[in-house]
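Residues per chain are reported as follows:
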Amino acid sequence: MALFIGSQQLKNKFSIKEQLNNECYWFTNIGKWEPSQHIIYRKRNLHKPPYETSWMSLLLYGITAKQFNHRQIKLFEAIWTLSTSYPEPRIWNNRVASLAGTAKSTGALGVSAATATSEAIIYGLQPLYACASMLTDIHIALHKGSLLRDLLSERILKSKQTKRRSGSGKNRSVAGIPGYGRPLIKKDERITPLLDLAHELKLDKGEYTRLAIRIDQQLRDMDSTLSMNIAPIMAGLFLDQGLTSKDFYYFCILCFSAGIMPCFIDAVEQPQGTFFPIQCKNINYQGVPHRKWKK
Amino acid sequence: MKKKSETITTSIWQEVASADNPFVAQRVHVHGYDLFSDLLGNISWVEYLYLLFKGEPPSIEQTKIFELLAVALANPGPRDLSVRAAMNGGVGGSTAAASLMSALAVGAGQHLGGREIFAIVLGWEKCGCNMPLWTQWLKNDSSDNTVWPKNDSIPGFDPITKQCAPPVKQLLEQLSNRHNLATINWLIQHQAQLEQHVGYALSLVGVFGALFHALNFDAEEAEMLYLLLRLPGAAAHSLEQKRLGWKTYPFWPDGIIYREPTIEE
């Protein structure tokens, strides 16, 4: 059915110029609120039975326009709960929430700032998305006949050539083999429980999950010091449900929230300014000696 | 439990603790200058910003250019995407920080935002005043496989017009009348050629990027400063809308055209 505004038939996609000429309208198939009537969420009427009760199911529907079965939704929830919900205030994004709490800021400010902070280079959203993209790219290349060893060697070499490090320095970037290697420690305690749960759900045998594990083995065969962290397993299990790396990025944006929130609450309930306070002497100044400003 | 203090390493800030309280500073030095007994009253806001980022005071000429840039950036106006975000905070009665965080999030983008400045300054670092290098670089540098979405516009050029906007011309004129900057002189000389190559007009953001480079700020510094220096307008407009209230603010009651013809029952 064609849609019209006045006599103008709507095209599927407008150019920038056409969109600017229709400045009073926003054309969408995502949703619309009809006051006092209903809310349309993509193609669904949210206020008509059977009511959607699972938030994760609605979130995935909002991202992908697809509906998932009970086992899949359980898997998506497990990816969040077992992998990224650490109420550990030393982790950098969570620490922002703790600092907001100790500063007696608001919960929404602390949680949203910590969520934005989660889009980091050495952990969080940037390597998660890069890892899912890498699995997708390698999967395609393997189907075209490339060898895994060559693909990984190429990535390691390219990463060395750019001289952009992930951990420090100017213009830092995500590691060449994202998801393999973890700041601070080597063994990732999250892998076994998440794979166990995926096994229980009979969702652990997909191509991308197997590829993630194969890459880990291949790196070991190449005498690499890199070892798999949870990101490739999260990404593999997700991609195996017929979803894309971009879907995975959107899915992961809020995945730290269950860890962030209690960090805020913990700190806000303590006296103000007491979260790891720093004494004046613990500023390790390495700058120029004292000098006088020009008058 | 063994007590182990940790330290913050910095070459910017130094504190000497008061004798009676280890958490209270007796003296503070910034890049070697005593903040409260030497800098205050003697340093201007933009000189202090420059000092914080570069570690050295700006020259008189750099101070004048930076001042001009800071004023040009301070308020992008209420049609600007980042200011509109801040006003949404204001009009609904959100917290002050939410308004500024909204301005930052929206003003961070690759279209008119901090990431566009980052790309432009990176371009200057790579191409300098070399036209063949620029023509190579000005092919759209799309950021695939990063968290930054695909963007079709060319950094520094206005994707909706081929005619250079009056404010861009005025800014370039001000700069060439008052200062002798190699970067800006080159940009003025090659503007027509660049615009012809790209197919669009040079934008204000394009000139701002050139100015950050002329002031020796690298791409990361320029991105941060661009985000920071545009906040005053966002804050002022947000407060104005907070006081005016939601009834005078756009809502587009008939503005959503839902394309999907069928609703699942």
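Reading the values: the criteria
Residues numbered from 1 in each chain as written. Chains lettered and ligands numbered in written order. Predicted model: local features only at pLDDT ≥ 70, side-chain atom pairs only at ≥ 80, totals over all residues. Helix = DSSP H or I, 4+ residues; strand = E, 2+ residues; numbered from the N terminus. Buried ≥ 20, exposed ≤ 12 C-beta atoms within 10 Å, placed from the backbone. Contact = placed C-beta atoms within 7 Å. Core = buried A, V, L, I, M, F, W, Y, C linked by C-beta atoms within 7 Å. Pairing = 2+ DSSP bridges. Expected span 1.5 Å × (residues − 1). Nonpolar A, V, L, I, M, F, W, Y, C, P; charged D, E, K, R; others polar.

> Would you take a moment to explain the overall build of chain B for this structure?
The secondary structure content of chain B amounts to 12 helices and seven strands. Principal-axis analysis of the C-alpha atoms gives chain B an extent of 70 × 55 × 40 Å. Expressed as a percentage of the 265 residues in chain B, the buried residues total 34%. Sequence-distant contacts, at least 24 apart, represent 62% of the contacts inside chain B between residues at least 6 apart.

> What exactly am I supposed to notice about the nonpolar core here?
Membership of the largest hydrophobic core comes to 111 residues, with the highest contact counts inside it found for Leu 135, Ala 235 and Phe 248 of chain A together with Val 121 of chain B. With nine residues, the single largest contributor to this core is helix H6 (residues 125-143) of chain A. With sequence-adjacent residues up to four places away left out, Val 121 of chain B is seen in contact with Gly 209, Phe 212, His 213, Phe 217, Asp 218, Ala 219 and Ala 222 of chain B.

> It is not clear to me how the sheet that holds strand E5 (residues 38-41) of chain A should be interpreted in this structure. Could you clarify?
Picture the strands of a sheet paired through backbone hydrogen bonds; they go either parallel or antiparallel. All names here are of chain A. Sheet architecture is open: three strands sit in the order E4-E5-E6, paired in antiparallel fashion. Each of the sheet's edge strands pairs with one partner strand only, and the pair in question is strand E4 (31-34) and strand E6 (44-45). The pairing of E4 with E5 spans four bridges and is antiparallel. Among the inter-strand pairings, Lys 32 is bridged to a residue of E5, identified as Ile 40.

> Got a minute to help me understand the pairing of E5 of chain A in this structure?
When a strand is regular, its side chains alternate between the sheet's two faces. All names here are of chain A. Hairpin connection, E4 to E5: the antiparallel pair is bridged by three residues, and Ser 36 has positive phi, about 65°. Sheet topology note: the E5/E6 ladder contains two bridges and is antiparallel. By the bridge assignment, Tyr 41 is partnered in E6 with Arg 44. Connecting the antiparallel pair E5 and E6 is a turn made up of two residues, with Arg 42 showing a positive phi of about 50°.

> I'm lost on helix H4 (residues 81-92) of chain B in this one. Help?
Each α-helix winds once per 3.6 residues, and so residues spaced three or four apart point in a common direction. Residue and element names in this part refer to chain B. Here H4 spans 17 Å end to end across 12 residues, near enough to the 16 Å set by a 1.5 Å rise per residue. With respect to burial, H4 is a largely interior element, nine of its 12 residues being buried. Those residues of H4 that sit buried are Ser 82, Val 83, Arg 84, Ala 85, Ala 86, Met 87, Gly 89, Gly 90 and Val 91. Looking at the buried residues of H4, the elements they touch are helix H5 (96-106) and helix H12 (231-244). Positive phi appears at Gly 93, one or two residues downstream of H4, with a value of about 85°.

> Help me understand the interface of chain B and chain A, please; the structure alone is not making it clear to me.
Many authors give the size of an interface as the accessible area that is lost as the parts come together. At the junction of the two partners, chain B supplies 45 residues and chain A supplies 48 residues. For the side of chain B that touches chain A, the secondary structure elements donating two or more residues are strand E1 (8-10), strand E2 (13-17), strand E3 (25-30), helix H1 (35-39), H5 and strand E7 (256-258) of chain B. Tallying contributions element by element places E2 of chain B first for the side of chain B that touches chain A, with five residues. When its residues are assigned to classes, the side of chain B that touches chain A shows 24 nonpolar, 14 polar and seven charged. Two strands pair when backbone bridges link them, and strand E7 (residues 283-285) of chain A and E1 of chain B are joined in this way by three bridges, in the parallel orientation. Within E1 of chain B, the position partnered with Tyr 285 of chain A by the bridge is Thr 10 of chain B.

> What exactly am I supposed to notice about the sheet that holds strand E4 (residues 33-34) of chain B here?
Residue and element names in this part refer to chain B. Here we have three strands laid out as an open sheet, ordered E2-E3-E4, and antiparallel in their pairing. Among the strands making up the open sheet, the edge pair consists of E2 and E4. Judged from the two bridges that link them, E3 and E4 form a sheet pairing that is antiparallel. Bridge pairing links His 29 to Asp 34 in E4.

> Would you mind going over unusual backbone geometry with me for this structure?
Apart from glycine, the bulk of residues carry a negative phi angle, and the bulk of peptide bonds sit in the trans form. Residues and elements named next belong to chain A. Look at the link from Pro 49 to Pro 50: it is a cis peptide, with omega at 0°. Tracing the backbone shows Pro 50 in the loop between E6 and helix H2 (55-64). The phi dihedral of Arg 42 is positive, around 50°, even though this residue is not glycine. By the element assignment, Arg 42 lies in the loop between E5 and E6.

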